[in-house]
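# A look at the structure
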Amino acid sequence: MMHSRSVQIWVGLFVVAGLAALLMLSMKVSNISAFTETEGYEVSAHFENIGGLKVRSPVTMAGVVVGRVASIGFDKDSYEAVVTLNIQNEYDNIPEDSSASIFTAGLLGEQYIGLEAGGAEEVLKAGSELELTQSAIVLEQIIGQFLVSQADKE
Amino acid sequence: MLDQLQKLGATALGVAERLGRGHLFLWHVLGGFPALLPRFGLVINQLFSVGVLSLLIIAVSGLFVGMVLALQGYNTLVDFGATESLGVMVALSLVRELGPVVGGLLFAGRAGSALTAEIGLMKATEQLSAMEMMAVDPLHRVVAPRFMAGILAMPLLAAIFSALGVIGGYFVAVGLLGVDDGAFWSQMQAKVDLHEDILNGVIKSIVFGFVVTWIAVFEGYDTVPTSEGVSRATTNTVVHGSLAVLGLDFILTALMFG
């Protein structure tokens, strides 16, 4: 083999470059904080209709992401959707009577849950349920209502 | 009629036999891996020829693929006023598909063909038989280090490809096309997932590295020991390696993102 020292240096450089590329991909390109987000507490909420909400959709308060949707289920008794929200531990002073609504980011954007603070002294804890909810706006229903109201006028 | 049938049967038997030999060969070579660890210098020498020498073509291709992706993506996205998503588009296409796949194709062409030619010539000049005469197992001494080097090098090469592609895309998008710097990175970070996208890309590249190197060393080892045989084996490596990468990519994509 040719000069084994320079071969080893080159291979070392190659490995460093490869690992640096992996590091750059995970730190700069992807959101590595996705790992730490799992540390939070879970609260649930019933919605009549969740529209296009998905697991891992953001949960925001005043536009700031405070958590993610952990799971989506179906309540067989009330025929409603049960959404479990994972809220990060640092936001531990959200009033218990806060309301949750499903909004759409932009006209065609993805759907997310917006929380609005209530006025209660009690705060949300793991296992609490948000009582006040507002369903997703389904565009077809609104268009349907609009057409019906137009027809009534005439 | 019977002759045709016989020909078909012979071909099928040949293919099955070759597949069987390939798997026995793989089993034998993998058996040589534990013995390599105390003599890792052998692998390092092969990492040089498989990895370091492939670096230039991988780096240049990655950079240019990223730049072209940004240019082409911009033309489409500008119609919807969504040029901020250019970073997402470039990063996702590179990390999920182009890094492992184009990296794998280049790897088959650059490193795979060299491996086949080297081992094939060793066989044609009876160096492998000479080793066997000295009670040295050529599968452990010659093939195993090359195989391991290929498996180790491919994920690193694919990562370098993707990373340089993102950087190339960044220069074109922000420097040339005037996309907002902050939006480019923040949208990318919001949409690219470490598990879903980057880890799956790395898994793909490991699989491709394994399969391409396997085909390359087996073609070399199983070659007809003539100059014509070596040349055919080298061509086979590139063709079969590339086809394997493309076919496996479809299966892996369907499993991972389907």
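### As for the overall build of chain A
A count of helical and extended segments in chain A gives two helices and eight strands. Listed N to C, the secondary structure of chain A is α-β-β-β-β-β-β-β-β-α in terms of helices and strands. Relative to the globule expectation of 15 Å for 154 residues, the C-alpha radius of gyration of chain A, 24 Å, shows a markedly less compact shape. The dimensions of chain A, computed from C-alpha atoms along their principal axes, are 90 × 45 × 30 Å.

### A look at the confidence of the model for chain A
Residues with a pLDDT of 70 or more make up 90% of chain A, whose mean pLDDT is 84. Per-element mean pLDDT across chain A ranges from 86 in helix α2 (residues 139-153) of chain A up to 90 in strand β4 (residues 80-88) of chain A.

### Observations concerning helix α9 (residues 194-221) of chain B
Over its 28 residues, α9(B) extends 39 Å from the first C-alpha to the last, a length consistent with the 40 Å expected when each residue adds 1.5 Å. Where α9(B) begins, the capping side chain belongs to B:D193, and its oxygen is found 3.3 Å from the backbone nitrogen of B:H195.

### Looking at unusual backbone geometry
Positive phi outside glycine occurs at A:Y79, with the angle close to 55 degrees. One non-glycine residue, B:A135, adopts positive backbone phi at about 65 degrees. Counting through the fold element by element, B:A135 comes out in the loop between α6 (127-133) and α7 (138-176). Its relative accessible area of 73% is what places B:A135 among the exposed residues.

### Here's the deal with the packing of aromatic side chains
Residue and element names in this part refer to chain B. Under the counting rule described, the total for this entry stands at 10 aromatic pairs over all chains. Arranged with centres 6.1 Å apart and planes meeting at 65 degrees, the rings of F33 and F147 form a pair that is edge-to-face. Remark: F147 occurs in helix α7 and F33 occurs in helix α2 (residues 33-36); sequence separation between them is 114 residues. Relative accessible area serves as the criterion here: at 0%, F147 is assigned to the buried category. Each ring, one from F147 and one from F210, has its centre 5.4 Å from the other, and the planes form 40 degrees; the classification is tilted.

### Side note on the sheet that holds strand β6 (residues 111-116) of chain A
Residue and element names in this part refer to chain A. Taken together, eight strands build an open sheet; the order of strands is β7-β1-β4-β3-β2-β6-β5-β8 and the sheet is mixed. In the strand order of this sheet, the two ends are held by β7 (129-130) and β8 (132-134), each with one partner. Pairing geometry for strand β1 (residues 40-47) and β4, over eight bridges, is antiparallel. For G40, the partnering residue across the bridge sits in β4 and is Q88.

Scoring rules and cut-offs
- Residues numbered from 1 in each chain as written.
- Chains lettered and ligands numbered in written order.
- Predicted model: local features only at pLDDT ≥ 70, side-chain atom pairs only at ≥ 80, totals over all residues.
- Heavy atoms only, no water.
- Helix = DSSP H or I, 4+ residues; strand = E, 2+ residues; numbered from the N terminus.
- Rg over C-alpha atoms; globule rule 2.2 N^0.38 Å.
- pLDDT = per-residue confidence, 0-100.
- Expected span 1.5 Å × (residues − 1).
- Polar contact = N/O pair within 3.5 Å; in protein donor to acceptor, adjacent residues only side chain to side chain.
- Buried < 20%, exposed > 50% of the residue type's maximum accessible area, 1.4 Å probe, protein only.
- Phe/Tyr/Trp six-rings, centres within 6.5 Å; stacked < 30°, edge-to-face > 60°.
- Pairing = 2+ DSSP bridges.

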